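# Inside the fold
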Amino acid sequence: MQFMIVERVRGGEPLPVYRRFRDRGRLAPEGLRYIASWVSQDLSRCFQVMECEDRRLLDEWMTNWRDLVDFEVIPAMTSSEAAATVAPRL
């Protein structure tokens, strides 16, 4: 399953986030896959696509960052998957 993650940097200060990433990496447990990410121009938000079969892995990863980042998790699918889902109802 894929998830769109919206990360909002607490206090608007991105440097602690980037320091931790530089020093310790993504801190993702085995089985959680990073797909891609985009960052807002002001560095206050990151939009990330992550993938895993077990939602608990995503929760474990977020625990490693909750002191610096607030998360919004949106279960997502590709647009082609969405089209296939609605096709029988068209």
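Our structure's up above, just so we're on the same page.
Now for a description of the structure that goes with this document. (Residues numbered from 1 in each chain as written. Predicted model: local features only at pLDDT ≥ 70, side-chain atom pairs only at ≥ 80, totals over all residues. Heavy atoms only, no water.)

### Topic: the layout of surface pockets
Estimated volume of the largest pocket: approximately 300 Å³. Along its surface, the largest pocket is lined by 17 residues, and E7, V17, F21, C46 and Q48 are the ones closest to its centre. Within the residue set of the lining of the largest pocket, elements represented by two or more residues are β1 (2–9), α1 (15–24), β2 (33–39), β3 (45–51) and β4 (69–76). Tallied by class, residues from the lining of the largest pocket come to 12 nonpolar, 2 polar and 3 charged. (1 Å grid on protein atoms, 1.4 Å probe; cavity = no way out; pocket = protein on both sides within 12 Å on 5 of 7 lines; lining within 4 Å. Points joined across faces, edges and corners; volume = space filled by probe spheres on them. Helix = DSSP H or I, 4+ residues; strand = E, 2+ residues; numbered from the N terminus. Nonpolar A, V, L, I, M, F, W, Y, C, P; charged D, E, K, R; others polar.)

### Brief notes about the side chain of S44
Along the chain, S44 turns up in the loop between β2 and β3. With a relative accessible area of 19%, S44 lands in the buried category. Beyond its immediate stretch of four places on either side in the chain, S44 contacts E7, R8 and V9. (Buried < 20%, exposed > 50% of the residue type's maximum accessible area, 1.4 Å probe, protein only. Contact = heavy atoms within 4.5 Å.)

### What about the pairing of β3?
Bridge count for β1 against β3 is 7 bridges, and the pairing is antiparallel. Following the sheet pairing, V6 is matched in β3 by F47. Pairing of β2 with β3 involves 6 bridges; the strand directions are antiparallel. Bridge pairing in β3 links S37 to Q48. (Pairing = 2+ DSSP bridges.)

### Comments concerning helix α2 (residues 55–63)
Of all the residues in α2, the buried ones are L57, L58, W61 and M62. The buried residues of α2 all sit within an arc of 135° when viewed along its axis, so they share a single face. Away from its buried face by more than 90 degrees, α2 exposes R56 and T63. Among the structural elements, β1, β3 and β4 are those in contact with the buried residues of α2. (Arc of directions from axis to C-beta.)

### Regarding the nonpolar core
Ranked by size, the top nonpolar core spans 16 residues in total, and within it I5, L32, L58, W61, W65 and F71 carry the most contacts. In terms of residues, this core owes the most to one element, α2, which gives 4 residues. (Core = buried A, V, L, I, M, F, W, Y, C linked by side-chain atoms within 4.5 Å.)

Read these as layout, nothing more, since geometry by itself doesn't imply function.
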